[in-house]
Every structure is written in structure tokens, then in C-alpha cells.
Amino acid sequence: MPRESPYLQVVESLRTRIEAGEWKIGDRLPSRARFAEEYEVGQGVTQRAMEQLIIEGFLEGRAGSGTYVRTPRRRMRMLRTRRRVPGSGNTFRSEAAAHGIAASWDSRTHPQVPAPERIAARLAIEPGAPCVLTRYEFMADGSPAELSESWEPLAITSGTPVVLPEAGELRGAGVVARMRSIGITVTSVVEVPRPARANQNQANLLGISLGSMITRIERTYIDSGGRPVETADLVIPDSRYEIAYAFPVE
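What counts and how
- Residues numbered from 1 in each chain as written.
- Predicted model: local features only at pLDDT ≥ 70, side-chain atom pairs only at ≥ 80, totals over all residues.
- Heavy atoms only, no water.
- Helix = DSSP H or I, 4+ residues; strand = E, 2+ residues; numbered from the N terminus.
- Contact = heavy atoms within 4.5 Å.
- Areas by Shrake-Rupley, 256 points an atom, 1.4 Å probe, with all protein chains shown as cover.
- Pairing = 2+ DSSP bridges.
- Axes fitted to C-alpha atoms, helices over the stretch in contact; angles between N-to-C directions.
- Expected span 1.5 Å × (residues − 1).
- Buried < 20%, exposed > 50% of the residue type's maximum accessible area, 1.4 Å probe, protein only.
- Arc of directions from axis to C-beta.

Caption draft 1: Looking closely at the overall build of the chain. Each helix and strand counted, the chain has eight helices and ten strands in total. Sequence-distant contacts, at least 24 apart, represent 59% of the contacts inside the chain between residues at least 6 apart. For the chain, the computed accessible surface area is about 13200 Å², with 50% contributed by carbon and sulfur atoms.

Have a look at this one:
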């Protein structure tokens, strides 16, 4: 496995030291020159590391004074549970509401996109089969919080009022409710979470640094006949959310 870049190593080391209480809230941190000497890296590396910790909410910069430890930004728990499958609500919106956070999102839909092989395999369709692709940028209190890239086979929704996920009366209602409206009952969802590092596009959209830790979730909704009806790649910044799963005991 390749080693992490010096910048990421410094970020993780400083984060660990702050969380361990080496510096208290309100304390001024040593200069980036001192950290550069301590970690045997250039000052540009330590500056970038400290900027990342400011983005994550561990530090704050004060003009002409230095960099200080701040009260940690609240890390929201994103609860993903089987109990939500029969419901019609949007998971992100539900979790934000539970924390008193205003949720909103922007979306862009492309109505006929050939399914790449990895998506075709998840949807049990032929590679190149036409799909409706919708890209989402979710915001919490106006700040970027989550990305989603959703794929639905056009063969399922073509000619129906819900062919475009973010248009019509069921705009924003979620996959389950939209499918129900055209006689399809979603009975299960499969999610595969994986840790990853943000690429440049993801970092730009989420307001985080290149290489920051993210969680990628491959989510697939399945109907009562065992047919996948939608699959999506969700991207969630680790510094802002912890992912939790809850299941009823049977």
C-alpha cells in the first residue's frame, strides 16, 4: 500500500494531538515553521495541513495573531436503517431535520446516458443500456454535505410521470415513493460503504481538501421481484459525518 503524502500525515498527526488534548480550546498553536521543523517537512506542507484542520473545524485562524484551537464543529450522525426502506422520505433530509439542520439540494438530470459496465452490473442490465442519471449536491444549513450520483434504468420509468426524479408532483420524494406511484414496490436496499480519499472534483464540490477522508456508499434499491430499480454512489465527508447503521432485531 502506498504511503500517505506528508501533508496528510501531518493533518492526521495534528488532529490526533488536538483530540488528545495536547492543546486546549482557545490555545494558540506553534507556528507552521516550528511544525515544519518538528515533522521535517516544508512550511508549505504544514500550512496546508493547518488549513485543512480549519476546514474541518478543529482550528481557527485569527488575522495577525495566529492559529487557535476552536470548539469542535458538531459532527452529525447519519443513521442508515432498514426501517427507512418502506418510507417515502429522503434519508438526508430526515437526518438533517433530526439535528435541527435545514437541508436542501441541487440536482442535474441527464435523461439518456448509456450505463457503464460497473453500473450495468449493479442494475443487472446490459452495458450501454439507457439510464436516467441524476447528480445531486446536498447542503446542510447552506454548506456542502453530501454528493450523490443516481442511475435508474430508462426501461423502468420511460413514459411514466416519474421518469425525471426531480420533476413533477413527486419531486424530492425519493426512490421508494416514486417507484410506488408506478406500481413498483421497493422491498430492500443494499449498501456497501468504503473508505476513500476525495478526488479533486469531490473536494471542490464538498469544500474539503484533495485527499481528505470520505465514505463512498454504493446503494441499490431492489423491488419485490428481486430487480434492481436504482443504484447510486454517495460521497460523504468523514470530517462532518459519522455513518451509523441500525437494524431491528427479529
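Caption draft 2: Structural detail: the sheet that holds strand E6 (residues 143-153). One open sheet accounts for six strands, arranged E4-E5-E6-E9-E8-E7; its pairing is antiparallel. The open sheet terminates on both sides in strands that have one partner only, identified here as strand E4 (103-114) and strand E7 (186-197). Strand-to-strand twist across the sheet, computed as the mean angle between neighbouring axes with direction ignored, equals 15°. Relative to strand E9 (residues 228-237), E6 is paired through five bridges, and the arrangement is antiparallel.

Caption draft 3: How the structure looks around helix H3 (residues 43-55). Taking 1.5 Å of rise per residue, 13 residues should cover 18 Å, and H3 covers 18 Å from first to last C-alpha, within 8% of that figure. Residues Thr46, Ala49, Met50, Gln52 and Leu53 constitute the buried set of H3. Looking straight down H3, one finds its buried side chains confined to an arc of 155°; they lie on one side. In this structure, the buried side of H3 is in contact with helix H1 (6-19), helix H2 (32-39), strand E1 (59-62) and strand E2 (66-69). Phi turns positive, to about 95°, at Gly57, one or two residues after H3.

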